[in-house]
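Observations on the three-dimensional arrangement
Chain by chain, the residues:
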Amino acid sequence: MFSINIRTAALSVLTACFAAACSGKDQQTKQISQQGINDAMRLVEIAPSLSPTAIEKELLEIRAREYEYRTQIGDTQADAYIKAFESGINQADDSLARLIFEPEQSNTEEYAY
């Protein structure tokens, strides 16, 4: 009977630790998603003053951040970052979204406002 109580207690502790770890990962994923949105809003704000080359540089930095999340934290968080970034761009600036996500359909190399 004593061993059953220890086993039950150990299982309860492991379950609590797992739940805490999962909620920590969920919180981390939310923070990384928010970073994606923040990065999108920053790019929307500065894009009108940037050359096409400078916009490409900004996008390379976004991809580098995605790679960092993917290799250091995990695929789920990296995917959440990119999804939030893309969603932020799409919602905030349709013409910038077309330039970034549909470059073959863009007739100009300049970002026009």
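Here the structure is a predicted model, which means the values were calculated and not measured.

1. Considering the nonpolar core
- Membership of the largest hydrophobic core comes to 16 residues, with the highest contact counts inside it found for Leu43, Tyr81, Phe85, Ile89 and Leu96.
- When residues of this core are traced back to their parent elements, those giving at least two are helix H1 (2-46), helix H2 (52-72), helix H3 (75-92) and helix H4 (94-101).
- Residue contributions to this core peak at 5 residues, all from H3.

2. Considering the pattern of salt bridges
- For the coordinates displayed, the defined rule picks out 7 salt bridges.
- A salt bridge links Glu61 to Lys57; the nearest nitrogen and oxygen atoms lie 3.1 Å apart. Note that Glu61 and Lys57 are positioned in helix H2 at a spacing of 4 residues, about one turn of the helix.
- The exposure class assigned to Glu61 is partly exposed, which follows from its relative accessible area of 32%.
- In this structure, Glu66 engages Arg63 in a salt bridge whose closest nitrogen and oxygen atoms are separated by 2.8 Å. Taken as a pair, Glu66 and Arg63 lie in helix H2 at a separation of 3 residues, close to a single helical turn.

3. Brief notes about the environment of Gly74
- Tracing the backbone shows Gly74 in the loop between H2 and H3.
- Separated by 49 residues in sequence, Gly74 and Lys25 have C-alpha atoms that sit 9.9 Å apart.

4. A short note on the environment of Glu66
- On the accessibility criterion, Glu66 (12% relative accessible area) is buried.
- Sequence separation of Glu66 and Tyr81 is 15 residues, and the distance between their C-alpha atoms is 6.8 Å.
- A polar side-chain atom of Glu66 sits 2.8 Å from a polar atom in the side chain of Arg70.

5. Examining the packing of H2 against H3
- Relative orientation of the contacting elements H2 and H3 amounts to 155°, with a least axis distance of 7 Å. With respect to H3, the axis of H2 lies roughly antiparallel. Residues Leu59, Ile62, Arg63, Arg65, Glu66, Tyr69 and Arg70 of H2 touch H3, and the partners they reach there are Asp75, Ala78, Asp79, Tyr81, Ile82, Phe85 and Glu86.
- For the contact of H2 with H3, the per-class residue count stands at 7 nonpolar, no polar and 7 charged.

6. A closer look at the confidence of the model for the protein
- Of all residues in the protein, 69% attain a pLDDT of 70 or more, and the chain-wide mean is 78.
- Looking over the protein, one finds the lowest element-wise mean pLDDT in H1, namely 71, and the highest in H2, namely 95.
- pLDDT under 50 marks residues 9-22. Its contacts with residues more than four places away, or in other chains, come to 0 contacts.

Calculation rules
Sequence positions are assigned chain by chain, starting from 1 and proceeding in written order. Totals for whole chains, interfaces and linings use all residues, but because this is a predicted model, local features are given only for residues with pLDDT of at least 70 and pairs of side-chain atoms are given and counted only at 80 or more. In computing side-chain properties, one takes all heavy atoms of the structure into account and sets aside hydrogens as well as water. Each nonpolar core is a collection of buried residues, namely Ala, Val, Leu, Ile, Met, Phe, Trp, Tyr and Cys, held together in the definition by side-chain atoms within 4.5 Å. Burial classes follow relative accessibility: with a 1.4 Å probe on protein chains only, a residue under 20% of its type's maximum area counts as buried, one over 50% as exposed, and anything between as partly exposed. Only runs of H or I of at least four residues qualify as helices and only runs of E of at least two qualify as strands under DSSP, and these elements are numbered from the N terminus. Any carboxyl oxygen of Asp or Glu within 4 Å of a side-chain nitrogen of Lys or Arg constitutes a salt bridge here. Here a polar contact is recorded for every N or O atom pair within 3.5 Å, except that within protein the pair must consist of a potential hydrogen donor and a potential acceptor, and residues adjacent in sequence are included only if both atoms are side-chain atoms. Axes here refer to lines fitted to C-alpha atoms; in helices the fit is confined to the stretch in contact. Angles between the N-to-C directions go from 0 to 180 degrees. Any angle between 65 and 115 degrees counts as roughly perpendicular, while under 35 counts as roughly parallel, over 145 as roughly antiparallel, and the rest as oblique. Any pair of residues with heavy atoms lying within 4.5 Å of one another is described as a contacting pair. Charged means Asp, Glu, Lys or Arg here, nonpolar means Ala, Val, Leu, Ile, Met, Phe, Trp, Tyr, Cys or Pro, and polar covers whatever is left, Gly included. Here pLDDT means the predictor's own confidence in every residue, given as a number from 0 to 100.

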